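Read off the chains here:
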Amino acid sequence: MSLPAILGGTPLRPQGPPAWPSADPEILDVLQQAGREGWWGKYQAGKCDQLEAWLRDYHQVEHVLLCGSGNYAVELGLRALKIGPRDEVILADYDYPGNFLSIHAVGATPVLVDVDSRSWNLSIDAVRTAIGPATKAIVASHIHGGRVPMRALMELARERGLQVVEDAAQATGAIIDGRRAGTWGDVGVLSFGGSKLLSAGRGGALLTNNAGLAQQARNHLTRAGNIVCPLSELQAALLLPQCQKLDDRNALRWANVKLLCEALADVPGVRPFVQADEPDLPAFFKLGFQLDESAFGLSRERVVKALRAEGYAMDEGFAAAHTARSPKRYRRGASLAEAERAHAGCVQLHHPILLEPTVWVRDLALAWRQIHNHAELLAGLGE
Ligand SMILES: *Cc1c(COP(=O)(O)O)cnc(C)c1O
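Model, not experiment: these values are computed from the prediction. (Residues numbered from 1 in each chain as written. Predicted model: local features only at pLDDT ≥ 70, side-chain atom pairs only at ≥ 80, totals over all residues. Heavy atoms only, no water.)

**Student:** Please explain the site of the ligand as it appears in this structure.
**Tutor:** What surrounds the ligand is the set Ser 69, Gly 70, Asn 71, Tyr 96, Ile 143, Asp 167, Ala 169, Gln 170, Ser 191, Lys 196 and Gly 203. In this structure, Asn 71 approaches the ligand through a main-chain N or O atom, which is 2.9 Å from an oxygen atom. Between Gln 170 and the ligand, the recorded distance is 3.0 Å, taken from a side-chain N or O atom to an oxygen atom. Its free accessible area being 380 Å², the ligand has 88% of it covered by the protein chains. Here the residues of the shell around the ligand sort into three nonpolar, six polar and two charged. (Near = heavy atom within 4 Å. Polar contact = N/O pair within 3.5 Å; in protein donor to acceptor, adjacent residues only side chain to side chain. Areas by Shrake-Rupley, 256 points an atom, 1.4 Å probe, with all protein chains shown as cover. Nonpolar A, V, L, I, M, F, W, Y, C, P; charged D, E, K, R; others polar.)

Spelled out as structure tokens, the structure:
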């Protein structure tokens, strides 16, 4: 067994992480065509219409509204649902931090609840016990390759008269119980931000099957006939060729993640957010790992440093909201013990490597193993 790069060994991937977005001649074609034909500077060129039609068809939903960001789409969804002051919105304590702020943006109060111990995604039991008289909605995000069990969540929401914003910004194209992520909630959210699976640098979309909600959202999005937080025609045109590749890419990412799950099965203290035998299709903007520092034998900070030294795009996960926000700004569910563990123990891998040849995924498993085997030596290193 060779030495980890951080101890002077040769990095497994000396070229470092692959770029994203990746080089693509179809993108160059779009840019050249836009330049030649001049539609990049127009309000209307049919590209947004095409993208909306593709997204409607792909997701099998009635209404798609394009907008300027995923964050804005979450806010727009809450506004369409008429969530406002004195309302409470439940979300996972361990979630994309912007969602907490989007709830505040509409004047409502976040209710922070725990995550599931296997997936570190929103726990349905935790949602159930946190519902109070002022609770109006739930924000459910699929995070780091995990998926919220949407069928059970929607059953609970219907039973208790709650609305659901389903945030599929990290899970575009994923399938949950036979349906695409983003189509279970009363409204669904996609992001086309600079690092996302479908990327236009910026951008987002709201999905819904409810004509009334679509109209509410359209009213908020439009001022004097003009869209106030738009996706541009050029952005839409750049997304169209990526849409055609989404399914193949999601399949390839999942195949690589399965291999990684299997290759890591006997390394103590580390477990991906998903299992190799997951039903349907997860999608991976990030692949999350649950790190148990004491079982693995090394602090998360050191693990991330050591994996980065091998040439992999690894980062620590999110801060749990309760650790970052004033208690005056939220209500707290019964227990946040798992979210606490996620806060301290999540390590995430950025997705581009998951489209590379399998050897790089096997090498990532090898990197984890080598680092674990040298944990004692690594723990003893100075800064
Ligand atoms: C990226 C992301 C968003 C926000 O999307 P932007 O387009 O960057 O505003 C929202 N939710 C989740 C889960 C995300 O990962």
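Let us keep going from here.
**Student:** When you look at the side chain of Asp 95 in this model, what are you seeing that I'm missing?
**Tutor:** Positionally, Asp 95 belongs in the loop between β2 (88–92) and α4 (97–105). An unpaired buried charge is present at Asp 95: no salt bridge exists, and Lys 196, the closest side chain of opposite charge, is 9.9 Å distant. For Asp 95, the side chain forms a polar contact with the side chain of Asn 99, separated by 3.1 Å. Separated by 2.7 Å, the side chains of Asp 95 and Ser 141 make a polar contact. (Helix = DSSP H or I, 4+ residues; strand = E, 2+ residues; numbered from the N terminus. Buried < 20%, exposed > 50% of the residue type's maximum accessible area, 1.4 Å probe, protein only. Lys, Arg positive; Asp, Glu negative; His and termini not counted. Salt bridge = Lys/Arg side-chain N within 4 Å of Asp/Glu carboxyl O.)

**Student:** Help me understand the layout of surface pockets in this model?
**Tutor:** A water-sized probe, rolled over the atoms, reveals where empty space remains. What the largest pocket holds in volume is close to 520 Å³. Along the wall of the largest pocket there are 19 residues; nearest its centre are Tyr 43, Gln 44, Ile 227, Pro 230 and Leu 231. Contributing elements (two or more residues each) for the lining of the largest pocket: α2 (47–59), β1 (63–67), α7 (211–221) and β11 (226–227). Here the lining of the largest pocket is composed, by residue class, of nine nonpolar, five polar and five charged. (1 Å grid on protein atoms, 1.4 Å probe; cavity = no way out; pocket = protein on both sides within 12 Å on 5 of 7 lines; lining within 4 Å. Points joined across faces, edges and corners; volume = space filled by probe spheres on them.)

**Student:** Please explain the environment of Arg 56 as it appears in this structure.
**Tutor:** With respect to the element layout, Arg 56 can be found in helix α2. With 161 residues separating them in the primary sequence, Arg 56 and Ala 217 have C-alpha atoms 16 Å apart. Residues contacting Arg 56, with those up to four places away along its chain left out, are Val 61, Glu 62, His 63 and Val 64. (Contact = heavy atoms within 4.5 Å.)

**Student:** I tried to follow the domain arrangement of the protein chain on my own but got confused; where do I start?
**Tutor:** Accessible area lost upon the coming together of the parts is a frequently used measure of interface size. Taken domain by domain, the protein chain holds domain 1 (25–242) and domain 2 (245–379). Carbon and sulfur atoms supply 55% of the area that domain 1 and domain 2 bury against each other, a total of about 4000 Å² over both sides. A salt bridge links Glu 26 to Lys 245; the nearest nitrogen and oxygen atoms lie 2.8 Å apart. When residues of the side of domain 1 that touches domain 2 are traced back to their parent elements, those giving at least two are α2, α4, β3 (109–113), β6 (175–176) and α8 (233–264). (Domains from an automatic or database assignment. Buried area = accessible area lost by both parts, 1.4 Å probe.)

**Student:** Honestly, the packing of helix α1 (residues 25–37) against α8 in this entry has me stumped. Any pointers?
**Tutor:** Think of two packed helices as two axes; the pair is described by the angle between the axes and how far apart they sit. Remark: α1 packs on α8, axes separated minimally by 10 Å, with the N-to-C direction vectors making an angle of 155°. When the axes of α1 and α8 are compared, the pair comes out roughly antiparallel. The chirality of how α1 crosses α8 is right-handed. Here Glu 26, Ile 27, Val 30, Leu 31 and Ala 34 of α1 come into contact with α8, specifically with Leu 234, Ala 237, Leu 238, Pro 241, Gln 242 and Lys 245. (Axes fitted to C-alpha atoms, helices over the stretch in contact; angles between N-to-C directions. Parallel < 35°, antiparallel > 145°, perpendicular 65-115°, else oblique. Left-handed = near helix turned anticlockwise from the far one by under 90°.)

**Student:** Explain unusual backbone geometry to me, please; I cannot follow it from the model alone.
**Tutor:** Leaving glycine out, the prevailing phi sign among residues is negative, and the prevailing peptide bond configuration is trans. The residue after Trp 20, namely Pro 21, is reached through a cis peptide bond having omega -5°. Residue placement: Pro 21 occurs in the segment before α1. At Lys 82, a position not held by glycine, the phi torsion is positive, near 60°. Note on placement: Lys 82 falls in the loop between α3 (70–80) and β2. At Trp 120, a residue that is not glycine, the phi angle is positive and equals roughly 55°. Positionally, Trp 120 belongs in the loop between β3 and α5 (124–130).

**Student:** What's the story with the nonpolar core in this structure? I'm lost.
**Tutor:** When a protein is soluble and globular, its nonpolar side chains tend to lie buried together. Leu 153 and Phe 192 are the most contacted members of the largest nonpolar core, which totals 59 residues. Two domains each provide a minimum of three residues to this core, namely domain 1 (25–242) and domain 2 (245–379). If we ignore the near neighbours within four places in the chain, the residues touching Phe 192 are Leu 55, Leu 66, Leu 198, Ser 199, Ala 200, Gly 201, Arg 202, Gly 203, Gly 204, Ala 205, Leu 231 and Leu 239. One finds Trp 254, Val 274, Val 304 and Leu 378 within the second-largest nonpolar core, a separate group that totals 35 residues. (Core = buried A, V, L, I, M, F, W, Y, C linked by side-chain atoms within 4.5 Å.)

**Student:** Just to check I follow, could you spell out the pattern of salt bridges for this structure?
**Tutor:** Once the charged atoms of two side chains with opposite charge are near each other, the side chains can pair. For the structure on display, the rule yields 15 salt bridges. Across the pair Arg 158 and Asp 186 runs a salt bridge whose closest N-O atoms are separated by 2.7 Å. Of the two residues, Arg 158 is situated in helix α6 (residues 150–160) and Asp 186 in the loop between β7 (179–180) and β8 (187–191); the sequence distance between them amounts to 28 residues. Residue Glu 338 is joined to Arg 341 by a salt bridge in which the shortest nitrogen-to-oxygen separation is 2.9 Å. Of this pair, Glu 338 and Arg 341 both sit in helix α12 (residues 337–345), separated by three residues, roughly a single helical turn. For Arg 341, a relative accessible area of 46% corresponds to the partly exposed category.

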